[in-house]
Amino acid sequence: MKSEIANYYHWFYEPDNVSVRISQELRERIFTISLKKAKTMTNLSKITRLSKQTLFNQMYGKSMNVKGLKKLLLFSEIQLTEVYGNIEEMGWNKFKLPIKLDIEESAIVFAAILGDGSNTTRVMYKNKDPALLNKVEKSFKDWLGEAIVDKRVSFTGIPYINFPRITGRILNFVGIPSGKQMISDPGIPKIVKSAEKNVKRAFIQQFFDDEGWPEPDQMKVAASQCADVTKILN
């Protein structure tokens, strides 16, 4: 179930309208089975409630989305997980699917967004330190594969990275809600809490790099995150 903590984010968790491109081999297998069962494209259209034009587009690899692929897999009795190894693109990105959630690279991205990033209408990470920007970008690409990131500079001169939309859905999946962090108080994702020590270490290191500071006089280090306490003070 989606509500359970899992170690992977799967392609079939994505919204119905997200585009997906699969291999020719899998397309041929799906339509060979489907047309054998349905007899005609007209019958297949009626059964799946996908228009004939949509089905022809899917069969010839012109376009396909998550909704259409799910329907065809269900009808052809092919398991959703059998698609792995045949997905060439998801939403114009070449992700490593399924997406593993409890590794160092994912922990670094989670911590970066919780620290100096945001998960609102756009998922982004902002930092003046080129080394940290490069670290987060590399971790993101090592984690997801050939994902497209948009690098920009704010009007105040601070460089930042915009991540693809799937990033926000992954954040929601692991318990980091959309919205301003100072209001939502997301806490540490459970997937990180239950991960191996090296993953926890990577999360703590990244969050400290973004939000921490040393206190040598007291022989300790500290970190903080802003929170909206208006209701408490009123």
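Since the structure is predicted, the reported quantities are computational estimates derived from the model, not experimental observations.

Asker: How would you sum up the pattern of salt bridges? Please name residues and give values.
Answerer: If you walk through the whole model with that rule in mind, you get nine salt bridges. The residue E82 makes a salt bridge to R29 at a minimum N-O spacing of 3.1 Å. In this pair, E82 sits in the loop between α4 (66-76) and β3 (87-90) while R29 sits in helix α1 (residues 24-38), placing the two residues 53 residues apart along the sequence. For E82, a relative accessible area of 33% corresponds to the partly exposed category. Across the salt bridge formed by K135 and D209, the nearest N and O atoms sit 3.9 Å from each other. Here K135, found in helix α6 (residues 130-144), pairs with D209, found in helix α10 (residues 197-211); they are 74 residues apart in sequence, far enough to count as distant. By relative accessible area, K135 is classed as partly exposed at 27%. Assessed through its relative accessible area of 31%, D209 is described here as partly exposed.

Asker: An account of the side chain of D210 is requested, with residue identities and associated values reported.
Answerer: Relative to the elements of secondary structure, D210 occurs in helix α10. No salt bridge is formed by the buried D210; its nearest oppositely charged neighbour, K135, is found at 7.9 Å. In terms of polar contacts, D210 uses its side chain to reach the side chain of Y125, at 2.6 Å. Once you skip the residues sitting within four places of it in the chain, D210 turns out to touch A111, A112, G115, D116, Y125, N127 and L132.

Asker: Residues and numbers for the packing of aromatic side chains, please.
Answerer: Per the counting criterion, the structure on display carries nine aromatic pairs. Relative to F12, the ring of W11 has its centre 5.6 Å away and its plane inclined at 85°; by these criteria the two rings are edge-to-face. Given the relative accessible area of 17%, F12 is considered buried. Ring geometry for F110 versus W143: centroids 5.6 Å apart, planes at 85°, classification edge-to-face. Of the two residues, F110 is situated in helix α5 (residues 104-116) and W143 in helix α6; the sequence distance between them amounts to 33 residues. Note on F110: relative accessible area 0%, which makes it buried. A relative accessible area of 3% means that W143 is categorised as buried. Grouping aromatic residues by their ring pairs yields a cluster made of Y9, W11, F12, Y13 and F173. Here the guanidinium or amino end of K37 rests over the ring plane of F75, the centre of that ring lying 4.5 Å away. Its guanidinium or amino end placed over the ring of Y160, K126 lies 5.9 Å from that ring's centre, counting from NZ or CZ.

Conventions we followed
- Residues numbered from 1 in each chain as written.
- Predicted model: local features only at pLDDT ≥ 70, side-chain atom pairs only at ≥ 80, totals over all residues.
- Heavy atoms only, no water.
- Salt bridge = Lys/Arg side-chain N within 4 Å of Asp/Glu carboxyl O.
- Helix = DSSP H or I, 4+ residues; strand = E, 2+ residues; numbered from the N terminus.
- Buried < 20%, exposed > 50% of the residue type's maximum accessible area, 1.4 Å probe, protein only.
- Lys, Arg positive; Asp, Glu negative; His and termini not counted.
- Polar contact = N/O pair within 3.5 Å; in protein donor to acceptor, adjacent residues only side chain to side chain.
- Contact = heavy atoms within 4.5 Å.
- Phe/Tyr/Trp six-rings, centres within 6.5 Å; stacked < 30°, edge-to-face > 60°.
- Lys NZ or Arg CZ within 6 Å of the ring centre and 35° of its normal.

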